[in-house]
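Close look at the chain arrangement
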Amino acid sequence: MPSQLLDDLNEPQRQAVVHSGTPLLVVAGAGSGKTRVLTCRIAYLMAERNVAPTEILAITFTNKAANEMKERVAHMVGPKARSMWVSTFHSACVRILRNEAKRLNLKPSFTIYDTQDSVRMLFLVSKDLGIDPKSYSPKYLLGQISNLKNELIDYEDAISKAVTAQEQTVAQAYGEYQRRLMLASAVDFDDLIGHTVALLQAFPDVAEHYHRRFRHVLVDEYQDTNHAQYILIRELVGTGKDGMPPAELCVVGDADQSIYAFRGANIRNIVEFERDYSTAQTVVLEQNYRSTQNILTSANSVIEKNSGRPAKRLWTAEGSGEKIVIYTANDEHHEADFIVTNIADLIDNHGYDYKDVAIFYRTNNQSRSVEEVFIRRGVPYKVVGGTRFYERKEIKDALAYLRAVSNPEDDVSVRRILNTPRRGIGDKAEEAVEGFARREKITFSAALNRLSEIHTLPTRSATALTEFNRLLGNLRTLDESGAGPSAILAAAMEASGYLKELTASKDPQDEVRVENIAELENVTREYEEQFVEDNESGDVATLSNFLERVSLVADSDQIPTGAEHGGVVTLMTLHTAKGLEFPVVFLTGMEDGVFPHQRAFGSATELEEERRLAYVGMTRAMKRLFLSRAVARSTWGQPNYNPESRFLSEIPAELVDRQGEEPSPLGLAGSGSRAPKRDEPVMALEVGDRVLHDKFGMGTVLSVIGQNEKAEATIDFKSAGEKRLLLRYAPVEKL
Ligand code: ATP
Ligand code: MG
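Residues numbered from 1 in each chain as written. Chains lettered and ligands numbered in written order. Predicted model: local features only at pLDDT ≥ 70, side-chain atom pairs only at ≥ 80, totals over all residues. Heavy atoms only, no water.

Let's talk about the overall build of the protein
The helix and strand inventory of the protein stands at 29 helices and 23 strands. Its C-alpha atoms give the protein principal-axis dimensions of roughly 90 × 65 × 50 Å. Buried positions account for 54% of the 735 residues belonging to the protein. Within the protein, contacts between residues at least 6 apart in sequence are counted, and of these 75% link residues at least 24 apart. For the protein, the accessible area works out to roughly 33000 Å², and carbon and sulfur atoms hold 49% of it. If you average the places of the 87 positive and of the 105 negative side-chain charges in the protein, the two averages end up 5 Å apart. (Helix = DSSP H or I, 4+ residues; strand = E, 2+ residues; numbered from the N terminus. Buried < 20%, exposed > 50% of the residue type's maximum accessible area, 1.4 Å probe, protein only. Contact = heavy atoms within 4.5 Å. Areas by Shrake-Rupley, 256 points an atom, 1.4 Å probe, with all protein chains shown as cover. Lys, Arg positive; Asp, Glu negative; His and termini not counted. Charge placed at Lys NZ, Arg CZ, Asp CG, Glu CD.)

See the structure below:
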């Protein structure tokens, strides 16, 4: 029934739903019902305009959003809604490409490479072309190629346009990479869009087929489309030249919520919609249905500081609601305590459930301190669009190093890190060692000590394995000599080259991984400090008791499912939060340097993108908004003192309830950590030097290899025997 569908809409929303013919743009601030308009429009098309579900193509930003939209439409018009295409750009393109693969000389069963596959492929390409991985890592190359693909620049164009040596190298790698993808009948994520565009442009009959099929194209979150996606939409809509009138296009978005510039999203697509489609009409929505007035006014005051944006009049009938709470915590643990205490209060005294609450943060590693308190206090939670801290690959890798050091019998851990980072130990070599271990009935680690007896090993692998075994040996000596978990972790991450590989990479994913390793180092230091506080006997934390405690925290079986307790609290990054809404929102890490991210300091454009991210975050809240910051936040085990986020001062003071006290930074400094300082010069030793070791006592230097941070000495400690020590971390003094 038309009346029913339109009943729950305001006048401009209704206009947008019933509009027919010309392209339509719905622009409006957060929470004004843009997504709802899109959903109702689809239902209305089917119920009132006799449009078949197969004639509709709707694009959403995530698969989750697609499923939700499909469910809502099905709720309004019945199950036939299930046969329409509601999907992300990528899924829609996969479907088209599977149908038309032959035209592009792809197998219909073509493989889709994920980032890891692509990086591996570029590693091979670089080797083949003799590209120096120190100047151009495979990940850097992939990033550059991806940028080109987002702009629909193919490798031939890239090669002919390349001027600088850098551009030439990238273009060459791009060409070879595409050649190999074709050979493998594989495509990467960006190709999904690019190939579909190429297909529609090169084959008029294919284009006509889809013009005939999709009479309605609808796009949510249009502000975050990149150039390739923009052209894709244009090609799908068509110009009418092939006899099919252009499809009806309806896009909705909000330029203030554009937060994916780093992936090539271009705000011009929404700002210049009317220029791109000359007959376009625009509907502006002004009523917000999501948030209280206080939340809305606060968010608007922040976004208003961005330049060159048209003023918006957004209002709500929800009433002013509670004030925004801004909390200053001493450190990230107090911040987490504050969150848990407030959640308990909201549930016990104000009728909220766990599922009503969301915690947002700027970068993934910030979730760890919150997760730990949640686990300790039994708060059920899930991490969306990311992995729980201890399930992340880099954390598992790092812990595998620690386990392999602590327990040489732990074959699983030893083998996990055998070739991580890549050190030229292939499957064949691993099998040879394994075979030997099986025959001799010894562990894998024990077999590593008898490499010379494994005759099937090629020299190259044998050398790499010897090196690896020596690395483990060094780390074990560090452990035996009483170094704490933080020092062993730091040594493992550096001496293995693991950290170096991540730091050298230009992939933003790897930047996140580095942050997570830093966070794990925080965990080890906190543990050491706590251990000293709890143990009056003067004992210090060892690697093995640290690992024991981690396996308790990391055991996901402990986490309640929460189904019977009103759902679970949701944790996610601000980027993932786009489009969603929650009654209660905690926005954490409101510190200059964290949010806005330090990287944005030098650039007005990036600072504005951070501000849009703040706007997105704040406008997710329906009833209660808590903004928190920590005066000291640890990275690499060192407290950082960041000033409060500039975004906080942009919120009108009269709407804010400030809590927590600003402690003096002096009171917090000084951590009494026993871990080595990273930039301390490394002691130089020579053969014959006499040394005193904290644990092994007096010794004589037998040999030294490497210099500075890499220096390793073999020292004869009479009673304790010969030890090979990484000098950077060893507690030795020269006598
Ligand atoms: P965002 O910019 O964050 O994506 P949006 O503009 O897409 O927000 P919606 O998510 O569609 O906004 O709507 C926000 C909330 O307001 C939803 O809970 C929606 O159901 C509700 N809403 C929208 N329009 C109306 C209306 N006319 N009457 C009642 N509730 C409405
Ligand atoms: Mg929306």
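A short note on the site of ligand 1
Around ligand 1, the surrounding shell holds 18 residues, and the nearest of these are Lys34, Arg36, Gln257, Glu581 and Arg620. One of the side-chain N or O atoms of Thr35 is found 2.8 Å from an oxygen atom in ligand 1. Within the side chain of Gln257, a nitrogen or oxygen atom sits 2.8 Å from an oxygen atom of ligand 1. Out of a free accessible area of 640 Å², ligand 1 has 82% covered by protein chains. When residues of the shell around ligand 1 are assigned to their parent elements, the largest contribution, three residues, is made by helix α3 (residues 34–48). Grouping the amino acids of the shell around ligand 1 by side-chain chemistry returns three nonpolar, nine polar and six charged. Composition of the shell around ligand 1 by domain shows at least three residues from each of domain 1 (2–100 + 193–287) and domain 3 (296–380 + 559–668). (Near = heavy atom within 4 Å. Polar contact = N/O pair within 3.5 Å; in protein donor to acceptor, adjacent residues only side chain to side chain. Nonpolar A, V, L, I, M, F, W, Y, C, P; charged D, E, K, R; others polar. Domains from an automatic or database assignment.)

Thoughts on the pairing of strand β20 (residues 697–705)
Sheet topology places strand β19 (residues 690–693) next to β20; four bridges connect them, and they run antiparallel. Note on β20: the bridge partner recorded for His693 is Gly697. Hairpin connection from β19 to β20: three residues lie between these consecutive antiparallel strands. Hairpin connection from β20 to strand β21 (residues 712–717): six residues lie between these consecutive antiparallel strands, with Gly706 at a positive phi of about 75°. (Pairing = 2+ DSSP bridges.)

A word on the pattern of salt bridges
Throughout the structure, instances matching the rule amount to 52 salt bridges. Arg658 is paired through a salt bridge with Glu644; the nearest N and O atoms lie 3.0 Å apart. Here Arg658 is found in strand β18 (residues 656–659), whereas its partner Glu644 is found in the loop between β17 (638–641) and α28 (646–649), with 14 residues between them in sequence. (Salt bridge = Lys/Arg side-chain N within 4 Å of Asp/Glu carboxyl O.)

Thoughts on unusual backbone geometry
Excluding glycine, most residues fall at negative phi; most peptide bonds, likewise, are trans. A cis amide bond links Thr420 to the next residue, Pro421, at an omega of -5°. Assignment of secondary structure puts Pro421 in the loop between α19 (411–417) and α20 (427–440). With an omega of 5°, the peptide bond between Phe595 and Pro596 qualifies as cis. Checked against the element boundaries, Pro596 lands in the loop between β15 (582–587) and α27 (604–618). You will see that Asn105, though not glycine, has its phi angle at about 60°, which is positive. Of note, Asn105 is situated in the loop between α5 (89–100) and β4 (111–113).

Thoughts on the nonpolar core
Ranked by size, the top nonpolar core spans 56 residues in total, and within it Leu399, Leu465, Met493 and Leu520 carry the most contacts. Membership of the second largest hydrophobic core comes to 41 residues, among which are Phe89, Leu192, Tyr222 and Leu236. (Core = buried A, V, L, I, M, F, W, Y, C linked by side-chain atoms within 4.5 Å.)

Here we look at the confidence of the model for the protein
Across the protein, pLDDT averages 88, with 94% of residues at or above 70. In this model, residues 556–563 is a region of pLDDT below 50 whose contacts with residues beyond four sequence positions or in other chains number eleven contacts. Considering only residues more than four positions removed or in separate chains, one finds that residues 666–676, a stretch of pLDDT under 50, has 18 contacts. (pLDDT = per-residue confidence, 0-100.)

A closer look at the sheet that holds strand β1 (residues 24–28)
The strand order across the open sheet built from six strands is β3-β2-β6-β7-β1-β8, with neighbouring strands paired in parallel fashion. The outermost strands of the open sheet, each flanked by one partner alone, are β3 (85–87) and β8 (281–285). Going from strand to strand, the sheet's axes swing by 10° on average, the running direction of each strand aside. (Axes fitted to C-alpha atoms, helices over the stretch in contact; angles between N-to-C directions.)

As for the environment of Phe189
By the element assignment, Phe189 lies in helix α10 (residues 189–202). With 99 residues separating them in the primary sequence, Phe189 and His90 have C-alpha atoms 7.3 Å apart. Residues within four places of Phe189 in sequence aside, it is in contact with His90, Ile112, Tyr113 and Asp114.

Regarding helix α15 (residues 293–303)
Burial runs high along α15: nine of the eleven residues are buried. Within the span of α15, buried status applies to Asn294, Ile295, Leu296, Ser298, Ala299, Asn300, Ser301, Val302 and Ile303. Structurally, α15 contributes buried residues whose contacts are with β9 (287–288), β10 (315–316), β11 (324–331), α27, β16 (621–635) and α28.

As for the packing of α5 against α10
Viewed as axis vectors pointing N to C, α5 and α10 meet at an angle of 55°, and their least axial separation amounts to 9 Å. Comparing their axes, α10 and α5 come out oblique. In this structure, the crossing between α5 and α10 has a hand that is left-handed. Of the residues in α10, those in contact with Phe89, His90, Cys93, Val94, Ile96, Leu97 and Glu100 of α5 are Phe189, Asp191, Leu192, Ile193, His195, Thr196 and Leu199. Looking at the contact of α5 with α10, its residues break down into nine nonpolar, three polar and two charged. (Parallel < 35°, antiparallel > 145°, perpendicular 65-115°, else oblique. Left-handed = near helix turned anticlockwise from the far one by under 90°.)

Focus on the side chain of Thr619
Of note, Thr619 is situated in the loop between α27 and β16. Taking relative accessible area as the criterion, Thr619 reaches 1% and is therefore assigned buried. Of note is the side chain of Thr619, whose polar atom sits 3.1 Å from the backbone oxygen of Val616. Engagement of the side chain of Thr619 in a polar contact is seen with the side chain of Arg620, the distance being 3.1 Å. Excluding its chain neighbours within four sequence positions, the residues that come into contact with Thr619 are Ala30, Arg290, Ser291 and Ala299.

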